[in-house]
Amino acid sequence: MGYLKRIIYNCKQATFLIEKKALSSLSLRETIELRIHLFGCGFCRLYKKQSHAINDMVQTLFKSSMQSNIKLDDGFKRILQERIEEELNKN
Amino acid sequence: MLNPHLWVSTHADYLYAFAITRINDEEMAKDLVQETFLAALEKVNSFEGKSSERTWLTAILRNKIVDVYRKKASGLKGNDVTAAEREQEDFFGDDGHWLNKSGPKEFGITDNDHLVAKEFETILKGCLQKLPALWMAVFTMKHIEEEPTDVICAQMKVSASNFWVIIHRAKLNLRACLQKNWI
């Protein structure tokens, strides 16, 4: 397979580059290869869109579960504070 | 200033929520909160007041969570990784091109439907939990904690090139899981 043909067919490599680009930077060669691939590949253009959307959704998920009133029960808290006081009194 | 007498009432719920979001296990999350306070007591003298009390406590908790990640990843001896990698054999053909049955399809979600978004979130959560422990750890450390890559590599004992392979594979499986369970 020719060099160009390999770039055009290789979605596995293209998705790898999409992930790397989202978090870091690509070399000039990688940038060009990815651009050529995406130009001809609808699957990977959609993958790129979904990959970015997933990153946003995962962040939202973590943020929303931090705000969703998860609480420790009072009994556990009382024992915990007693443990701390105990430790403080040792010194 | 640190005031351990008020730690539990001021920070315990926050730290617990932080832990349970990352470690999906109530008992373990409780233990981690307790260990965090006890470890913090031992190093009150090293608190320099450069950050808030909560930030300082959260940093201690975060290190404990990384320990849990590491234990989980090594405890399974990579069995879960092998299984997850096998799933990916169905994604691409020998030439690296998407196989038609696995190729990305539109999720068809519009931004403003709240109920649909909630449902999707539940599926996303389930898919995240299906990732191998090591992948889940690397993925959240990068995408949620936004730790520098070299720090993650050192803490999870993976090489830089393996780091990118994991980031890639985690996303491939996560996306495929969403597609499978949503559409």
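Definitions and limits used
- Residues numbered from 1 in each chain as written.
- Chains lettered and ligands numbered in written order.
- Predicted model: local features only at pLDDT ≥ 70, side-chain atom pairs only at ≥ 80, totals over all residues.
- Heavy atoms only, no water.
- Helix = DSSP H or I, 4+ residues; strand = E, 2+ residues; numbered from the N terminus.
- Rg over C-alpha atoms; globule rule 2.2 N^0.38 Å.
- Contact = heavy atoms within 4.5 Å.
- Areas by Shrake-Rupley, 256 points an atom, 1.4 Å probe, with all protein chains shown as cover.
- Lys, Arg positive; Asp, Glu negative; His and termini not counted.
- Charge placed at Lys NZ, Arg CZ, Asp CG, Glu CD.
- Domains from an automatic or database assignment.
- Buried area = accessible area lost by both parts, 1.4 Å probe.
- Salt bridge = Lys/Arg side-chain N within 4 Å of Asp/Glu carboxyl O.
- Polar contact = N/O pair within 3.5 Å; in protein donor to acceptor, adjacent residues only side chain to side chain.
- 1 Å grid on protein atoms, 1.4 Å probe; cavity = no way out; pocket = protein on both sides within 12 Å on 5 of 7 lines; lining within 4 Å.
- Points joined across faces, edges and corners; volume = space filled by probe spheres on them.
- Nonpolar A, V, L, I, M, F, W, Y, C, P; charged D, E, K, R; others polar.
- Expected span 1.5 Å × (residues − 1).
- Buried < 20%, exposed > 50% of the residue type's maximum accessible area, 1.4 Å probe, protein only.
- Axes fitted to C-alpha atoms, helices over the stretch in contact; angles between N-to-C directions.
- Parallel < 35°, antiparallel > 145°, perpendicular 65-115°, else oblique.
- Disulfide = S-S within 2.5 Å.
- Patch = residues over 30% accessible without salt bridge, like charges linked within 9 Å, V, L, I, M, F, W, Y side chains within 5 Å.

S.K.: Outline the overall build of chain A, supporting the account with residue identities and numerical values.
M.R.: Helix and strand counts for chain A come out as five helices and zero strands. The order of helices and strands in chain A, counted from the N terminus, is α-α-α-α-α. A compact globule built from 91 residues would reach a C-alpha radius of gyration of about 12 Å, whereas chain A, at 25 Å, exceeds it by more than 25%. Contacts spanning at least 24 positions in sequence make up 57% of the contacts within chain A whose residues lie at least 6 apart. Approximately 5600 Å² of chain A is accessible, and the part contributed by carbon and sulfur atoms is 55%. Separation of charge centres in chain A, based on 16 positive and 10 negative side chains, amounts to 19 Å.

S.K.: How would you summarise the domain arrangement of chain B if you had to cite specific residues and measurements?
M.R.: Residue and element names in this part refer to chain B. By domain assignment, chain B separates into domain 1 (4-75) and domain 2 (79-182). Here domain 1 and domain 2 have C-alpha centroids that lie 27 Å from each other. Opposite the 10 residues of domain 1 that make contact, domain 2 presents 13 residues. With both sides pooled, the region where domain 1 packs onto domain 2 buries about 930 Å², and carbon together with sulfur makes up 55% of that total. Put simply, domain 1 and domain 2 have three salt bridges between them. A salt bridge links R62 to E145; the shortest N-O distance between them is 3.3 Å. Counting across the interface, domain 1 meets domain 2 through four residue pairs in polar contact (both at pLDDT 80 or more). At the level of elements, α1 (7-22) and α3 (53-75) are the ones that each hand at least two residues to the side of domain 1 that touches domain 2.

S.K.: Tell me about empty space enclosed by the protein, residues and numbers included.
M.R.: Residues and elements named next belong to chain B. Throughout the structure, instances matching the rule amount to one cavity of 30 Å³ or more. Here the largest cavity defines a volume of roughly 50 Å³. Lining the largest cavity are F18, R22, R62, I65, V66, Y69, M141 and E145. The element that contributes the greatest number of residues to the lining of the largest cavity is α3, accounting for four residues. When grouped by side-chain class, the residues that make up the lining of the largest cavity number five nonpolar, no polar and three charged.

S.K.: Talk me through helix α2 (residues 26-42) of chain B; I want residue IDs and the actual numbers.
M.R.: Look at α2 of chain B: 25 Å from first C-alpha to last across 17 residues, which is about the 24 Å you get at 1.5 Å a residue. By the burial criterion, the buried members of α2 of chain B are A29, K30, L32, V33, T36, F37, L38, A39, A40 and L41 of chain B. The inward-facing, buried residues of α2 of chain B contact α5 (74-90) of chain A together with α1 and α3 of chain B. Capping of α2 of chain B at its N-terminal end is provided by D25 of chain B; its side-chain oxygen lies 3.1 Å from the backbone amide nitrogen of E27 of chain B.

S.K.: Residues and numbers for the packing of helix α2 (residues 11-23) of chain A against helix α8 (residues 160-182) of chain B, please.
M.R.: Direction vectors running N to C along α2 of chain A and α8 of chain B enclose 110°, while the axes themselves pass 9 Å from each other. When the axis of α2 of chain A is compared with that of α8 of chain B, the two are roughly perpendicular. Between α2 of chain A, through K12, T15, F16, E19, K20 and L23 of chain A, and α8 of chain B, the contact on the second element is made entirely by W164, V165, I167, H168, K171 and L172 of chain B. Tallied by class, the residues present in the contact of α2 of chain A with α8 of chain B amount to six nonpolar, two polar and four charged.

S.K.: Explain the state of the cysteines to me, using residue names and the numbers behind them.
M.R.: With the rule as written, the count across this model stands at one disulfide over all chains. Here C127 of chain B connects covalently by a disulfide to C177 of chain B, the sulfurs 2.1 Å from one another. Handedness here is read from the sign of the S-S torsion; for C127 of chain B and C177 of chain B, about -80°, the answer is left-handed. On the criterion of sequence distance, the pair formed by C127 of chain B in helix α5 (residues 114-130) and C177 of chain B in helix α8 is long-range, its members being 50 residues apart. Considered together, C127 of chain B and C177 of chain B belong to a single accessibility category, that of buried residues. Not part of a disulfide, C44 of chain A finds its nearest cysteine sulfur in C41 of chain A, a span of 3.7 Å.

S.K.: Report on a negative patch on the surface, specifying residues and quantitative values.
M.R.: Where like charges cluster on the molecular surface, the negative patch consists of D25, E26, E27, D31 and E35 of chain B. For D31 of chain B, the position within the fold is in helix α2.

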